[in-house]
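Working through the structure, step by step
Here is how the chains run, residue by residue.
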Amino acid sequence: RVAAAGQVAGIPGYPCYRTVEETFAAAAALAAAYPGLATWTDVGDSWEKATATDPDLPGYDLWVLRLTNQSLPGPKPKILILASIHAREYAPAELATRFAEHLAAGYGVDADITWLLDWHEIHLLLQGNPDGRKQAEAGSYWRKNTDRDDGCDDGTAYPDYQYWGVDLNRNFEFAWGGPGASTLPCYENYRGPAAASEPETVAVQAYLRAQFPDQRLPDLSAAAPADAWGVFLDLHSYGGYVLWPWGFTTSLPPNSTALQTLGRKLAYWNGAIPGQASDPDLLYMTSGATDDFAYGDLGLAAYTFEIGTAFFQDCTAFQNAILPGNLPALTYAAKVARAPYQTPAGPDARDLSLSPPLVGWGRDVRGEATLDDTRYSSRNGSEPVQSIAGGELTVDVPPWAAGATSVALLPLDGAWDAGVEAVAAGLPTAGLAPGRHILYVRGRDAAGNWGAVSAAFLYVTAHRAYLPTVSRQALAE
């Protein structure tokens, strides 16, 4: 646990990972720096704080960072990202924090981030187990919370297992007490004395129920509606998987096909192996887990990411592989929160460009893009590819919004006959006010599935003269 050369912050020996206190300070700083985008809210207590049994261990509040353009009214579709509910998993909390900073810094600069925060809400519970995380920051492979009153003291009776505490990812109400969860308090996967016995579990369940409607009947065979909204992600390490319910049974969930489609799309971005959580060829069965609760109790499209190759992941791998692979996966998950059981089946709009991006009023703009129905992971199975059948462009509001007027995209080769199509459309600017506009593009495949939106900024000047050269800084201003 020796500090890295010159290290003055972060976990000793792992300078890329912020401590609990540093994570909370960074989130509070975001809320202060971006008051129109970010709010930082106390949603519950850790076990140490809730019980107040040791004055030397005061415990922590559980906090959620919410990101959205607060000047635009809702309701808006939401995604909740939970990180590091298992204490020893360093990378997830930092990934979630970096994602928040990426979004805040990109608002108004990156068109995709701008529309995402205008029209959606992103909720991040950055440290799901802060009491346990402090044990892990000191070098212990601590997994559970620090609940000390369930009959396990110093672990001498079970020297091969971690000592006291409850595995919070076995403590959720839905399917609690099934396979993959231990009744023995000293075991790593101890489920707790009762469902939702831990204050951390109570806080997460209450927050989910407050933010998302119940869209699925309690019958295990009942599917969430095809147009249900909302996404839940639980970030863990390690292994390199994208997993979806169920974890407590090998039976397929009612929305299995749609969960699989989104799972394979997310795995395309981060390179993970996609599969159902109980697949014996991937991991092992679990019960009382967060993703089964989010899907089973509320009908959310719910996933667990197992990122990286170690609990104490080295910083080089985090910076060079985990972060660049998972930021686009998280962004895509947030993009499809409006219809996660439908949108991932459609094609992606990529490589969007405008010619010119800065135009004098009254001139036409040409928009080009590629519509791509092939971007799914082919690890552990494959996803059907459809021919592209159409596409559209809208200005200033996404295509589903009131008042949206769509301009048809046309295939550059003259025919809709492939799973990847280069497309274009002409857009007159005579009806646009001078200033910055957002252009939204999406595609539709032969099965009728509309894919996720991508966007680009268009700048219209008050004069008809075309300005051939403009600096990036001038565009930003």
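Scroll up for the structure.
Every chain is numbered independently, its residues counted from 1 as its sequence is written. Reporting in this predicted model follows two pLDDT cut-offs: at least 70 for local features of residues, and 80 or more for side-chain atom pairs to be given and counted; totals over whole chains, interfaces and linings ignore these cut-offs and use all residues. Calculation of side-chain values draws on the structure's entire complement of heavy atoms; hydrogens and water are dropped beforehand.

1. Structural notes on the sheet that holds strand β5 (residues 231-236)
Strand pairing follows a simple DSSP-based rule, namely that at least 2 bridges must link the two strands. By definition, any uninterrupted DSSP run of H or I lasting at least four residues is a helix, any uninterrupted run of E lasting at least two residues is a strand, and each is numbered from the N terminus. Judged by pairing direction, the sheet is mixed, and its 8 strands sit side by side in the order β1-β2-β4-β3-β5-β8-β6-β7 without closing on themselves. The sheet is open, and its two edges are formed by β1 (38-45) and β7 (273-276), each paired on a single side. The average angle at which neighbouring strand axes cross in this sheet is 20°, direction not considered. Of the strand pairs in this sheet, β1 and strand β2 (residues 61-67) are connected by 7 bridges, and their pairing is antiparallel. Paired with A38 across the strands is L67, a residue of β2. Together, β6 (241-244), β7 and β8 (301-306) form the strand contacts of helix α7 (residues 256-270), whose direction differs from that of β8 by roughly 35°. The angle between two axes is taken between their N-to-C directions and runs from 0 to 180 degrees, where each axis is a line fitted to C-alpha atoms and a helix contributes only its stretch in contact. It only takes one pair of heavy atoms within 4.5 Å for two residues to be counted as in contact.

2. Details of the side chain of R18
With respect to the helices, strands and loops of the structure, R18 is situated in the segment before α1 (20-33). Note on exposure labels: buried denotes an accessible area under 20% of the residue type's maximum, exposed denotes more than 50%, and partly exposed covers the range between, all computed with a 1.4 Å probe on protein chains only. Taking relative accessible area as the criterion, R18 reaches 17% and is therefore assigned buried. Within the local environment of R18, its side chain forms a polar contact with the side chain of E101, the two groups lying 2.8 Å apart. Non-local contacts of R18, meaning those with residues more than four positions away in its chain, are made with G10, I11, T23, A26, E94, T97, R98, E101, Q127, R133 and E137. Think of a polar contact as two N or O atoms within 3.5 Å of one another; within protein, one of them needs to be a possible hydrogen donor and the other a possible acceptor, and neighboring residues in sequence only count if both atoms come from side chains.

3. A word on the packing of helix α4 (residues 111-119) against helix α9 (residues 315-335)
The contact between α4 and α9 brings their axes to 10 Å, and the two run at 40°. The orientation of α4 with respect to α9, classified from their angle, is oblique. As for the relative orientation of α4 and α9, their crossing is left-handed in sense. Seen from α4, the contacting residues are D112, W115 and L116; seen from α9, they are T331, A334 and K335. Amino acid classes used here: Ala, Val, Leu, Ile, Met, Phe, Trp, Tyr, Cys and Pro are nonpolar; Asp, Glu, Lys and Arg are charged; the rest, including Gly, are polar. For the contact of α4 with α9, the class distribution of residues is 3 nonpolar, 1 polar and 2 charged. Here the angle decides the label: under 35 degrees means roughly parallel, over 145 means roughly antiparallel, 65 to 115 means roughly perpendicular, and every other value means oblique. By convention, the crossing between two helices is left-handed when the near helix turns anticlockwise from the far helix through less than a right angle, and right-handed when the turn is clockwise.

4. Focus on the packing of aromatic side chains
Each aromatic ring pair is characterised by the separation of its centres together with the angle its planes make. What counts as a ring pair is set by centres within 6.5 Å for rings of Phe, Tyr and Trp (its six-membered ring), and what kind of pair is set by the plane angle: stacked under 30 degrees, edge-to-face over 60, tilted for all other angles. Within this structure, the stated rule accounts for 25 aromatic pairs. Judged by centre distance (5.8 Å) and plane angle (55°), the rings of F172 and F293 are tilted. Of the two residues, F172 sits in the loop between α5 (130-137) and α6 (199-211) while F293 sits in helix α8 (residues 290-298), which places them 121 residues apart along the sequence. Taking relative accessible area as the criterion, F172 reaches 1% and is therefore assigned buried. With a relative accessible area of 0%, F293 lands in the buried category. Both rings, one in F174 and one in W246, keep their centres 5.3 Å apart while their planes meet at 10°; by these two values the pair is stacked.

5. Some words on the pairing of strand β17 (residues 454-461)
In terms of burial, β17 is largely enclosed, as 8 of its 8 residues are buried. Covered by surrounding structure in β17 are S454, A456, L458 and V460 together with A455, F457, Y459 and T461, the residues of both alternating faces. Pairing of strand β16 (residues 435-445) with β17, which is carried by 7 bridges, proceeds in the antiparallel orientation. Counted as the bridge partner of G435 is V460 from β17.

6. Here we look at the layout of surface pockets
To find leftover empty space, one rolls a probe the size of a water molecule over the atoms. One number sums up the size of the largest pocket: a volume of about 410 Å³. Looking at the largest pocket, it is lined by 21 residues, and the ones nearest its centre are D112, W269, T331, K335 and S454. Counting only elements with at least two residues in the lining of the largest pocket, the list comes to α4, α9, β9 (348-355) and β17. Grouping the amino acids of the lining of the largest pocket by side-chain chemistry returns 11 nonpolar, 3 polar and 7 charged. The pocket and cavity definitions rest on a 1 Å grid over protein atoms only: a 1.4 Å probe that fits but cannot leave marks a cavity, an open set with protein on both sides within 12 Å along at least five of seven lines marks a pocket, and residues lining either have an atom within 4 Å of a point. Grid points are joined across faces, edges and corners, and a volume is the space filled by probe spheres set on the points.

7. Some points on the state of the cysteines
Pairs of cysteine sulfur atoms within 2.5 Å are identified as disulfides in what follows. Throughout the structure, instances matching the rule amount to 2 disulfides. Residue C16 pairs covalently with C315 via a disulfide, S to S 2.2 Å. One disulfide, between C16 and C315, carries an S-S torsion of -90° and so falls in the left-handed class. Note that C16 is positioned in the segment before α1 and C315 in helix α9, a separation of 299 residues in sequence. For the pair shown, C16 and C315 are each scored as buried.

8. Quick notes on α4
Along α4, 8 of the 9 residues are buried, which leaves the element largely enclosed by surrounding structure. Considered for burial, the residues of α4 that qualify are A111, D112, I113, T114, W115, L116, L117 and D118. Buried residues along α4 sit against β2, α3 (90-106), β4 (121-125), α9, β16 and β17.

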